[in-house]
There are 2 protein chains.
Amino acid sequence: MIEVGDEAALCCPSLTSAPLDEGAATSLSGVLGALADPVRLRLLSIVASHQEVCSCDLEAPLGKSQPTISHHTKVLAEAGLLVSEKRGRWVWWRVDESRLAEVRRALGG
Amino acid sequence: MIEVGDEAALCCPSLTSAPLDEGAATSLSGVLGALADPVRLRLLSIVASHQEVCSCDLEAPLGKSQPTISHHTKVLAEAGLLVSEKRGRWVWWRVDESRLAEVRRALGG
DNA sequence: CCATCGCATTGACATATGTCGATACGTAAG
DNA sequence: CTTACGTATCGACATATGTCAATGCGATGG
């Protein structure tokens, strides 16, 4: 199972170098919106520090229901920040580090 | 006039190094939420590329009403990303680069 | 085949957010 | 003082978002 992000590449303009056009601003705000939630940030940090994590191991540390976890992983995957792999009946998640790096760079890194 | 951010320092933990605790996640999500809007991103990029910008010069390029601009500058200022200075009846804005750098670092920079 | 398990989707709900017109506030100019 | 101007706040509205119970779907195991 491969989630396909619906966000365009953030590659080119840095926030601090030149005024963002509307398209770039919208696409960057999409990724930032995916990050702008405490539960998703903690989810992302948990996955990042374990390399790979199964969905089933996220409910307990985050204190949220299974549908809520599923919703948040979907949001992060659509933003290109999480990548999923289905093994048997489990779904494993890992962080797309390059995507995170793109975000940092778009923020003027 | 000095806007005081209501967000705590983001200094310490990086997203990718260890699981974020709830407080860190909430405070980081606050700043990211301020960034997660196309109008605010463009606003920020305009201020950044002009060093300083008057509120009155933001309505036209952003195509938003004066109350809306005022709202967005307030959100960015409360997030610590914009700093204001009142001169006569005009308010001038500049970007707090160090705050942006904090965000990048919190994102694993 | 049937029961079970992990995950996704749906529907509903409360809350948060972006937007603008109307209005209030402060400062500057006459 | 009065007027005009730039900005902030308020009230209202439509839309977006986070959450969960209920349910659907696929794969596994008996």
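These numbers come from a predicted model, not from an experiment.

> Is there a simple way to think about the protein's contact with DNA strand D in this case?
As a matter of local geometry, DNA strand D sits amid 22 residues, with Arg40(A), Lys64(A), Thr68(A), His72(A) and Gln66(B) nearest to it. A distance of 3.0 Å separates a phosphate oxygen of DNA strand D from a polar side-chain atom of Lys64(A). Contacts to DNA strand D include Arg89(B), whose backbone N or O atom sits 3.5 Å from a sugar or linking oxygen. Put simply, the parts of the chain that give the surface near DNA strand D at least two residues each are α2 (38-50) and α4 (66-78) of chain A together with α4 (66-78) and β3 (90-95) of chain B. The residue makeup of the surface near DNA strand D, split by class, is 8 nonpolar, 8 polar and 6 charged.

> When you look at the protein's contact with DNA strand C in this model, what are you seeing that I'm missing?
Neighbouring DNA strand C are 22 residues; Gln66(A), Ser70(A), Arg40(B), Thr68(B) and His72(B) lie closest to it. For DNA strand C, the fraction of atoms within 4 Å of the protein that belong to sugar or phosphate moieties is 65%. In this structure, a base nitrogen belonging to DNA strand C sits 2.8 Å away from a side-chain N or O atom of Gln66(A). Here a sugar or linking oxygen of DNA strand C and a backbone polar atom of Arg89(A) are 3.4 Å apart. For the surface near DNA strand C, the secondary structure elements donating two or more residues are α4 and β3 (90-95) of chain A together with α2 (38-50) and α4 of chain B. Its residues placed into classes, the surface near DNA strand C shows 8 nonpolar, 8 polar and 6 charged.

> What's the story with the pairing of β3(B) in this structure? I'm lost.
For a regular strand, side chains alternate in direction, first toward one face of the sheet and then toward the other. Residue and element names in this part refer to chain B. Burial along β3 is one-sided: Val91, Trp93 and Val95 are buried, and none of Trp90, Trp92 and Arg94, which face the opposite way, are. Inspection of the sheet shows strand β1 (residues 53-54) paired to β3 by 2 bridges, in the antiparallel sense. Residue Val53 lies in a different strand from β3, and its bridge partner there is Trp93. Summarising the sheet, strand β2 (residues 82-87) and β3 pair through 6 bridges and their orientation is antiparallel. Bridge assignment links Lys86 to a residue of β3, and that residue is Val91. Here β2 folds back onto β3, and the loop between the two strands holds 2 residues, one of which, Gly88, carries a positive phi near 60°.

> Even after reading the chapter, I still don't get the interface of chain A and chain B, so can you show me in this structure?
How big an interface is tends to be stated in terms of the accessible area lost upon association of its parts. The interface of chain A with chain B comprises 32 residues on the first partner and 32 residues on the second. Contact with chain B buries surface across chain A, with Leu15(A), Leu41(A) and Arg104(A) losing the most and accounting together for 22% of the total. The tally of links from chain A across to chain B stands at 2 salt bridges. The salt bridge partner of Glu22(B) is Arg42(A), with a shortest N-O separation of 3.9 Å.

Calculation rules
- Residues numbered from 1 in each chain as written.
- Chains lettered and ligands numbered in written order.
- Predicted model: local features only at pLDDT ≥ 70, side-chain atom pairs only at ≥ 80, totals over all residues.
- Heavy atoms only, no water.
- Near = heavy atom within 4 Å.
- Polar contact = N/O pair within 3.5 Å; in protein donor to acceptor, adjacent residues only side chain to side chain.
- Helix = DSSP H or I, 4+ residues; strand = E, 2+ residues; numbered from the N terminus.
- Nonpolar A, V, L, I, M, F, W, Y, C, P; charged D, E, K, R; others polar.
- Buried < 20%, exposed > 50% of the residue type's maximum accessible area, 1.4 Å probe, protein only.
- Pairing = 2+ DSSP bridges.
- Contact = heavy atoms within 4.5 Å.
- Buried area = accessible area lost by both parts, 1.4 Å probe.
- Salt bridge = Lys/Arg side-chain N within 4 Å of Asp/Glu carboxyl O.

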